[in-house]
Amino acid sequence: MFAYTLRRLLQMIPALIGIVVITFILSRVLPGDPAIVMAGEQATDDVIAKIRMDMGLDKPLFVQFFSYVGQLLQGNLGFAYHTGHTVLSDFATRFPATIELTLASVIIAICVAIPVGIIAATRKESFIDHISRVFSLIGACVPIFWLGLLFIYIFYSILGWAPAPMGRISGDLNPPTHITGLYVVDSLMTGDMVALKSSLAHLLLPAICLSTGTMAIVARMTRSSMLEVIGQDYVRTARAKGLSETAVVGKHSLINALIPTLTVLGLQFGGLLGGAVITETIFSWPGVGGYVTDSILAADYAPIQAFTLVSAILFSFINLAVDLVYGLIDPRIRYE
């Protein structure tokens, strides 16, 4: 397994180099001049030229690229001109919020989609199966921004069940003592139940909104995998031996059906990071997603490139972890 892991890590290098090149080129072809955005439309040409020189945009493109790569090799993600801080410090402040939102979405998707997929498979063509099919179809088709606005309108404006979609905790409360940066975890670790209740209330709607598409896809994949496994001879043999339906489904079917589901979950992680940009903007969630949106509006290159690169690294490591988990679920899988 060590050799396999090392080989996979080495294979990530060309992919990350490609991402660095592509994101650099794409950021430079974005419409708008960052210097004009920073200076304002009423600024004189001299002021704009000075800002362009300070940002290094007056240099040839290949010089800018090698300067950017040199900064990356030193662990420097660049400077965010629209916040006045380094990208690294902005990420350190905001990334825990995005991680908390993404993890909550994954947990919700797993807790809802896998049971729904199992029930739909074991009760094929039943009313529950048809309901799950409709749910999956709607979940996969509905845009996140529309669903987020609908949630806010129903649960905040009409019913009043949810707090105002502003931030991670109520404005009249202090955040929990910083340990991990995840408010729910920090609240539990410090025993701050007031902060925990407020954090969960603010987290629930954006997490459900972000996880809806993943829930739909994972539920359909679980159903499909379970149907394939349930039809195998060893499952019929288990039933013929008189094992309970719980043992047949939980022990003999589900474990073997989990590998395709895990693959989809790993692939969906990239979609969740991308979806976080929209969700955080709609719910005013102070994570990296909203930060990147502000960076795009300000034509600020460094945060956009850094977010793309960090997302690619996270996506690669999560898919590697998923591949390694295969061997734990199915001992027949060998890593060569």
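Considering unusual backbone geometry
With the exception of glycine, most residues fall at negative phi, and the peptide bonds are largely trans.
Move 1: You will see that Glu-125, though not glycine, has its phi angle at about 65 degrees, which is positive.
Move 2: Located in the positive-phi region is Ser-284, a residue other than glycine, with phi close to 50 degrees.
Move 3: Assignment of secondary structure puts Ser-284 in the loop between helix 11 (245-282) and helix 12 (288-297).

Some points on the packing of aromatic side chains
Move 1: Enumeration according to the criterion identifies 8 aromatic pairs in this entry.
Move 2: Where Phe-79 meets Tyr-81, the ring centres are 5.2 Å apart and the plane angle is 75 degrees; that geometry is what we call edge-to-face.
Move 3: Linked through ring pairs, Phe-24, Phe-65, Phe-66 and Tyr-68 together constitute an aromatic cluster.
Move 4: Here Arg-168 stacks its cationic end above the ring of Tyr-183, 3.8 Å away from the centre of that ring.

Some points on the pattern of salt bridges
Move 1: Counted according to the given criterion, the structure contains 7 salt bridges.
Move 2: A salt bridge links Arg-8 to Asp-323; its shortest N-O distance comes to 2.3 Å. With Arg-8 in helix 1 (residues 2-28) and Asp-323 in helix 13 (residues 301-329), this pair connects stretches of sequence that are 315 residues apart.
Move 3: Across the pair Asp-233 and Arg-236 runs a salt bridge whose closest N-O atoms are separated by 2.4 Å.

Some remarks on the side chain of Gln-305
Move 1: Within the secondary structure layout, Gln-305 lies in helix 13.
Move 2: With a relative accessible area of 3%, Gln-305 lands in the buried category.
Move 3: Ignoring any residue separated from it by four or fewer positions in sequence, one finds Gln-305 in contact with Thr-23, Phe-24, Ser-27, Arg-28 and Tyr-68.

As for the packing of helix 1 against helix 13
The geometry of a pair of packed helices is captured by two quantities: the angle between their axes and the separation between those axes.
Move 1: Relative orientation of the contacting elements helix 1 and helix 13 amounts to 155 degrees, with a least axis distance of 10 Å. By the angle between their axes, helix 1 is roughly antiparallel relative to helix 13. The crossing of helix 1 and helix 13 is right-handed. Seen from helix 1, the contacting residues are Tyr-4, Thr-5, Arg-8, Leu-9, Met-12, Leu-16, Ile-19, Val-20, Thr-23, Phe-24, Ser-27 and Arg-28; seen from helix 13, they are Tyr-301, Gln-305, Thr-308, Leu-309, Ala-312, Ile-313, Ser-316, Phe-317, Asn-319, Leu-320, Asp-323 and Leu-324.
Move 2: The class makeup of the residues in the contact of helix 1 with helix 13 is 14 nonpolar, 7 polar and 3 charged.

What counts, and at which threshold
Residues numbered from 1 in each chain as written. Predicted model: local features only at pLDDT ≥ 70, side-chain atom pairs only at ≥ 80, totals over all residues. Heavy atoms only, no water. Helix = DSSP H or I, 4+ residues; strand = E, 2+ residues; numbered from the N terminus. Phe/Tyr/Trp six-rings, centres within 6.5 Å; stacked < 30°, edge-to-face > 60°. Lys NZ or Arg CZ within 6 Å of the ring centre and 35° of its normal. Salt bridge = Lys/Arg side-chain N within 4 Å of Asp/Glu carboxyl O. Buried < 20%, exposed > 50% of the residue type's maximum accessible area, 1.4 Å probe, protein only. Contact = heavy atoms within 4.5 Å. Axes fitted to C-alpha atoms, helices over the stretch in contact; angles between N-to-C directions. Parallel < 35°, antiparallel > 145°, perpendicular 65-115°, else oblique. Left-handed = near helix turned anticlockwise from the far one by under 90°. Nonpolar A, V, L, I, M, F, W, Y, C, P; charged D, E, K, R; others polar.

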